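Residue strings, one per chain:
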Amino acid sequence: MSLVVTGTIGIDTIYLPSGEHREEVLGGSCSYFAAAASFYGPVRMVGAAGEDFPQEMHAQFDNFNNIDATGLEVREGSKTFRWGGKYMTDMDQRESLFTELNILGEAPPPVPESYRDSKLVFLANSHPGLQLDFLKAFGERTLAVADTMDLWIDTARDELTELLKHVDGLVLNYDEAEQLTGKQNTVAAARGLLEQGPTFVIVKKGEHGAILAHSDGSIAAIPAFPSEAVVDPTGAGDSFAGGLMGQIGRMTEFGRLGKASDFDTLRSAMAHATIIASYTIEDFGLGRLNTLRHDEIESRYQAFRDMLHIAG
Ligand code: AMP
């Protein structure tokens, strides 16, 4: 499997409803995605950080055996992307306190030659113009999936509309799907997005799970894993995407979805995505994924499957 992710490397500040907060947490869409996907197979990352990026954060990627960080550029004279977020009482709603684009406003990091043959491409949250440029670097791709968020819908809608014509799948939050389509129903919003180009759309609804809409007309709903141990939901969406793409890679020899099994592959991948995301939120940053074992993933996955079984 050759899975590549492009996205942000960030230093986050997180405020919890309890008033507790953490500064200098390793974050960014690329970081969470790569850590989660690495449990399923090798993952190549493309991202850029500035000279303020602590060595200790850089070293965290080495803890994940399957992460190839050749494409992680640490640029002299630049500052790392920084984001601050505050969670509301129910932990499902959050507000961005600040977004300092810093290096994201500069030239994108180069794609290493050794990554060019990647078959599965995930464009994690970043400027859609940049996402489109990255996509062009992977001429041998068999599946391209993108994520987006409110900031880009507000500031780069035309580029986002263009991007949707070039990707096979789109993964986004419900609020963003609503914002993009003007439709206040998950299925209607997902179907509206399908009309703009992708073959499938996954709309995430936090604690309420996710909906998959496919251009063949099928719809599936997957609940979230019921968890009491939520510490910091940051990165749940990116880890979900990492589990999704990782499992797609594991289930399909070359990453190309088989026609007949498209929908089933995606549904199984969504279940894995759900499980890995449920672990991410048990600690700040990559804290929980750093110590996560494969047997823990497997046992929660089995518990999730049992939970979904309806007798009779
Ligand atoms: P998630 O909770 O999965 O939506 O992802 C949270 C991560 O996204 C944080 O670690 C942030 O550093 C990163 N992030 C926040 N805003 C943006 C943005 N506008 N573009 C890309 N990444 C972002």
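These numbers come from a predicted model, not from an experiment.

A. Focus on the sheet that holds strand 3 (residues 21–27). Strand order in the open sheet formed by four strands is 3-2-6-7, with mixed pairing between adjacent strands. Pairing within the sheet leaves two strands with one partner each, and these edge strands are strand 3 and strand 7 (94–100). Direction aside, neighbouring strands of the sheet carry axes that sit 20° apart on average. Here strand 6 (residues 81–87) pairs with strand 7 via six bridges, running antiparallel. Within strand 7, the position partnered with arginine 82 by the bridge is glutamate 100.

B. Highlighting the sheet that holds strand 12 (residues 210–214). Taken together, the nine strands give an open sheet; going across it, the order is 5-4-1-8-9-10-11-12-13, and neighbouring strands pair in mixed fashion. At either margin of the open sheet sits one strand with a lone partner, and together these are strand 5 (67–75) and strand 13 (219–222). Recorded for the sheet is a direction-independent mean angle of 15° between the axes of neighbouring strands. With four bridges connecting them, strand 12 and strand 13 associate as antiparallel partners. Looking across to strand 13, one finds that isoleucine 211 is bridged to alanine 221. Strand contacts of helix 6 (residues 174–181): strand 10 (169–173) and strand 11 (200–204), with the helix running at about 110° to strand 10, the strand carrying the most contacts.

C. Geometry of the packing of helix 6 against helix 7 (residues 186–194). Packing of helix 6 against helix 7 brings their axes to within 9 Å, and their N-to-C directions diverge by 60°. Classified by the angle their axes make, helix 6 and helix 7 are oblique. Our pair here, helix 6 against helix 7, has a crossing hand that is left-handed. Every residue of helix 7 that contacts helix 6 at Tyr174, Ala177, Leu180 and Thr181 is listed here: Thr186, Ala189, Gly192 and Leu193. Residues belonging to the contact of helix 6 with helix 7 are distributed by class as follows: five nonpolar, three polar and no charged.

D. Highlighting the site of the ligand. The environment of the ligand is formed by 17 residues, the closest being Asp12, Gly28, Arg94, Gly235 and Asp238. Measuring from an oxygen atom of the ligand, one finds a side-chain N or O atom of arginine 94 at 2.8 Å. Aspartate 238 is positioned such that a nitrogen or oxygen atom in its side chain is 2.6 Å from an oxygen atom of the ligand. Breaking the shell around the ligand down by element, the ones donating at least two residues are strand 6, helix 4 (150–155) and helix 8 (236–251). Top contributing element to the shell around the ligand by residue count: helix 8, with three residues. Residues that form the shell around the ligand fall into these classes: seven nonpolar, seven polar and three charged.

E. How the structure looks around the environment of cysteine 30. Here cysteine 30 shows up in helix 1 (residues 29–37). Given the relative accessible area of 0%, cysteine 30 is considered buried. Residues cysteine 30 and phenylalanine 122, 92 residues apart in the sequence, show an inter-C-alpha distance of 9.3 Å. Those residues within four positions of cysteine 30 in sequence are excluded, and the remaining contacts are Val5, Gly7, Thr8, Ile9, Met45, Val46 and Ala124.

F. Summary view of unusual backbone geometry. Despite not being glycine, glutamate 24 shows a phi value in the positive range, around 55°. Assessed through its relative accessible area of 42%, glutamate 24 is described here as partly exposed. Here methionine 91, not a glycine, exhibits a phi torsion of approximately 65°, which is positive. For methionine 91, the position within the fold is in the loop between strand 6 and strand 7. For methionine 91, a relative accessible area of 17% translates into the label buried.

Rules and cut-offs
Residues numbered from 1 in each chain as written. Predicted model: local features only at pLDDT ≥ 70, side-chain atom pairs only at ≥ 80, totals over all residues. Heavy atoms only, no water. Pairing = 2+ DSSP bridges. Helix = DSSP H or I, 4+ residues; strand = E, 2+ residues; numbered from the N terminus. Axes fitted to C-alpha atoms, helices over the stretch in contact; angles between N-to-C directions. Contact = heavy atoms within 4.5 Å. Parallel < 35°, antiparallel > 145°, perpendicular 65-115°, else oblique. Left-handed = near helix turned anticlockwise from the far one by under 90°. Nonpolar A, V, L, I, M, F, W, Y, C, P; charged D, E, K, R; others polar. Near = heavy atom within 4 Å. Polar contact = N/O pair within 3.5 Å; in protein donor to acceptor, adjacent residues only side chain to side chain. Buried < 20%, exposed > 50% of the residue type's maximum accessible area, 1.4 Å probe, protein only.

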